[in-house]
Amino acid sequence: SCRASMETDVSQRKENAPAHGVSETVVGVLGGGQLGRMLCQAASQMSITVNILDPMVNCPASTICHHHMVGSYDNSTTVEEFAKRCEILTVEIEHVDADTLEKLEKQGVDCQPKASTIRIIQDKFLQKVHFSRHGIPLPKFIQIEDEESAKRAGEQFGYPLMVKSRRLAYDGRGNAVAKSEEVLTSAINALGGFGHGLYVEQWAPFVKELAVIVARGRDNSISCYPVVETVHRENICHIVKSPANESWKIMKLATDIASKAVASLEGAGVFAVELFLTEDGQILLNEVAPRPHNSGHHTIESCYTSQYEQHLRAVVGLPLGDPSMKAPASIMYNILGEDEGERGFILAHELIRRALCTPGASVHWYDKPDMRKQRKMGHITVVGPSMGIVEARVKSLLNEENADET
Ligand code: ATP
Ligand code: MG
Ligand code: MG
């Protein structure tokens, strides 16, 4: 990326440059991981300028964004500096400096979604308090401050008990399950003790996990993607099936709860709402992400408007696009790091080779500089004329040992 022209600020750029893109608004994205990368890919199609702020020189978005400012999205001075070069700030990760976003907003900087939304969501406990106040159904939860309050929560909610970090959680890092009171302390210690802020949730006896991507435009128009089923393995999203195979009633309930949750938050963009479906047909909210999300990767190939394009349309103030599916069925499979180093890359590439020979399959590789176990390295989306056919295609693309997981 071209550092030199980063010196030119946004106002100058606008005066000198004729209109070329679908929107001339310069979008700044805090974070340059795979979500930032796919935002840049969507932006490229419509010639929308996207700048990225990420501390990693070779982050996934670095090679395809307009400008990459190398620095921390959690550092006040850096975020302020980055904001000068953008007209709208948005995020691909919620663990950013919310104080600074709030301060910038007061100075007139356009943040979408709003800093208040990022602040609520980045602290899972605050998020739960917020949604319960808005009448969204969720598992019971309570803050824990010491052994005493943790034990009391266990007595109240029963076991297994889900212990969660309030902040900086992703891919299940920040969750620990205590199967009984005897192992409660070790679950708490596994999350680094009480110092960083913990809370507990009652175990949600779900039969399925569902997710809904909800988009909101600057004019407050709302648009929901079809309900998907997310399958997690060791707390990490593993497979996403779209659409979910549920009754119209369940699909409607999930969509209603998701849009009600998003309606309680401020600002434009796409929001991913993770839900639990219980045996008796109840829907409980797990968490909301104020950005494009793993459960919406499939939209690139399976919907008329991808979640990435939709997010850009929303934040720059273009009309929202059609979220409906253009293929009858799709399955998204996450390529997770299986092994550190070279061996991991070999395994991933064998899978990719098979995907390249699979009808309806599209390969996404995030170009992360190194592989770690369980790290999201890429994904494969398979579309087809029916869920049965898509399932069969995924099964044959995965080798024998994990073919049963579809
Ligand atoms: P993400 O990568 O989605 O941000 P995360 O680290 O924020 O993940 P959660 O979404 O809180 O983690 O939880 C990860 C998974 O753990 C859930 O998708 C679900 O499978 C399981 N889980 C979370 N909370 C509960 C609960 N209260 N009861 C049962 N299972 C739960
Ligand atoms: Mg999360
Ligand atoms: Mg989650």
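Predicted, not measured: the structure shown is a model, and the values here were computed from it.

(A) The overall build of the protein, seen in detail. For the protein, the helix and strand inventory stands at 13 helices and 18 strands. Its C-alpha atoms give the protein a radius of gyration of 21 Å, near enough to 22 Å, the size a compact globule of 406 residues would have. Dimensions along the principal axes, computed over C-alpha positions, put the protein at roughly 65 × 50 × 45 Å.

(B) Geometry of the pairing of strand β13 (residues 236-242). Looking at chain direction, strand β12 (residues 228-233) and β13 are connected through five bridges and run antiparallel. Its bridge partner being in β13, Val 231 is matched across the sheet by Ile 239. In the sheet, β13 pairs with strand β16 (residues 329-336) via four bridges, with the strands oriented antiparallel. Note that in β16 the partner of Ile 239 across the bridge is Tyr 333.

(C) Structural view of the sheet that holds strand β2 (residues 50-54). On the basis of which strands lie adjacent, the open sheet formed by five strands has the order β3-β2-β1-β4-β5 and parallel pairing. Of all the strands in the sheet, just β3 (67-70) and β5 (110-111) have a single pairing partner and so form its edges. The sheet contact formed by β2 and β3 spans four bridges and is parallel. Along β3, the bridge assignment pairs Asn 51 with His 67.

(D) Region of the structure containing the nonpolar core. In terms of nonpolar packing, the biggest core is built from 94 residues, with Val 27, Leu 39, Val 273 and Leu 275 touching the most fellow members. Not counting chain neighbours up to four residues away, the residues in contact with Leu 39 comprise Val 29, Val 50, Glu 92, Pro 292, Tyr 308, His 311 and Leu 312.

(E) Quick look at the UniProt feature "domain: ATP-grasp" (unreviewed entry) in the protein. In this structure's numbering, the residues bearing the UniProt feature "domain: ATP-grasp" (unreviewed entry) are residues 128-316. With 29% helix and 33% strand, the stretch residues 128-316 has end C-alpha atoms that lie 29 Å from each other.

(F) Inspection of helix α4 (residues 98-106) at higher detail. Within α4, burial applies to Ala 98, Thr 100, Leu 101 and Leu 104. The arc enclosing the buried residues of α4, seen along the axis, measures out at 160°, which places them on a common side. Of the exposed residues in α4, those oriented more than 90 degrees away from the buried face are Asp 99 and Lys 106. Residues of α4 that are buried make contact with α3 (76-83), β4 (88-91), β5 and α5 (115-122). Backbone geometry just after α4 places Gly 108 at a positive phi near 100°.

(G) Geometry of the site of ligand 1. Around ligand 1, the surrounding shell holds 17 residues, and the nearest of these are Met 162, Ala 169, Glu 201, Ala 204 and His 232. Across the shell around ligand 1, the residue classes break down as six nonpolar, six polar and five charged.

(H) Structural detail: the environment of Glu 81. You can see Glu 81 is positioned in helix α3. On the basis of neighbour counts, which here come to 14 C-beta atoms within 10 Å, the residue Glu 81 falls in the partly exposed class. As a C-alpha pair, Glu 81 and Val 26 span 55 residues in sequence and 15 Å in three-dimensional space.

(I) Just the sheet that holds strand β8 (residues 175-178), in detail. One open sheet holds the four strands; their spatial order is β6-β9-β7-β8, and the pairing between them is antiparallel. The open sheet has two edge strands, β6 (141-144) and β8, and neither has a second partner. The average angle at which neighbouring strand axes cross in this sheet is 25°, direction not considered. Two strands pair when backbone bridges link them, and strand β7 (residues 161-165) and strand β9 (residues 198-202) are joined in this way by five bridges, in the antiparallel orientation. Bridge pairing in β9 links Lys 164 to Tyr 199.

(J) Inspection of the confidence of the model for the protein at higher detail. Model confidence for the protein is summarised by a mean pLDDT of 93, while 94% of its residues fall at 70 or above. Confidence drops under a pLDDT of 50 for residues 1-7, and excluding neighbours within four residues, the segment shows eight contacts in the predicted structure. Taken together, the chains of this predicted complex give a pTM of 0.94 and an interface ipTM of 0.98.

(K) Expanded view of the environment of Thr 77. Relative to the elements of secondary structure, Thr 77 occurs in helix α3. Spatially, the C-alpha atom of Thr 77 lies 39 Å from that of Glu 209, the residues being 132 residues apart in sequence.

(L) Spatial organisation of the pairing of β2. Counted residue by residue, β2 has five buried out of five residues, so it is predominantly covered. Of the two faces of β2, both are covered, the one formed by Val 50, Ile 52 and Asp 54 as well as the one formed by Asn 51 and Leu 53. In the sheet, strand β1 (residues 27-30) pairs with β2 via four bridges, with the strands oriented parallel. Across the sheet, Val 29 pairs through a bridge with Ile 52, a residue of β2. In this region the chain leaves β1, passes through helix α2 (residues 34-45) and returns to the parallel neighbour β2; the handedness of that crossover is right-handed.

(M) Layout of the packing of α4 against α5. The interhelical angle for the contact between α4 and α5, taken along N-to-C directions, is 165°, at an axis separation of 8 Å. Comparing the axis directions of α4 and α5 gives the class roughly antiparallel. Remark: the crossing between α4 and α5 carries left-handed chirality. On α5, the residues that touch Ala 98, Leu 101, Glu 102 and Glu 105 of α4 are Ala 115, Ile 118, Arg 119 and Gln 122. For the contact of α4 with α5, the per-class residue count stands at four nonpolar, one polar and three charged.

(N) Seen up close, the environment of Leu 320. Along the chain, Leu 320 falls in the loop between α11 (307-316) and β16. According to the C-beta neighbour criterion, Leu 320 is buried, with 20 such atoms within 10 Å. For the pair Leu 320 and Ile 213, spaced 107 residues apart in the sequence, the C-alpha separation amounts to 13 Å. Leu 320 has contacts with Ala 215, Gly 217, Ser 221, Ser 223, Gln 310, Arg 313 and Ala 314, leaving out every residue within four places of it along the chain.

Calculation notes
Residues numbered from 1 in each chain as written. Chains lettered and ligands numbered in written order. Predicted model: local features only at pLDDT ≥ 70, side-chain atom pairs only at ≥ 80, totals over all residues. Helix = DSSP H or I, 4+ residues; strand = E, 2+ residues; numbered from the N terminus. Rg over C-alpha atoms; globule rule 2.2 N^0.38 Å. Pairing = 2+ DSSP bridges. Core = buried A, V, L, I, M, F, W, Y, C linked by C-beta atoms within 7 Å. Buried ≥ 20, exposed ≤ 12 C-beta atoms within 10 Å, placed from the backbone. Contact = placed C-beta atoms within 7 Å. UniProt positions renumbered as here; feature names shortened; annotations may be inferred. Arc of directions from axis to C-beta. Near = placed C-beta within 6 Å. Nonpolar A, V, L, I, M, F, W, Y, C, P; charged D, E, K, R; others polar. Axes fitted to C-alpha atoms, helices over the stretch in contact; angles between N-to-C directions. pLDDT = per-residue confidence, 0-100. Right-handed = clockwise from strand over helix to strand, strands pointing away. Parallel < 35°, antiparallel > 145°, perpendicular 65-115°, else oblique. Left-handed = near helix turned anticlockwise from the far one by under 90°.

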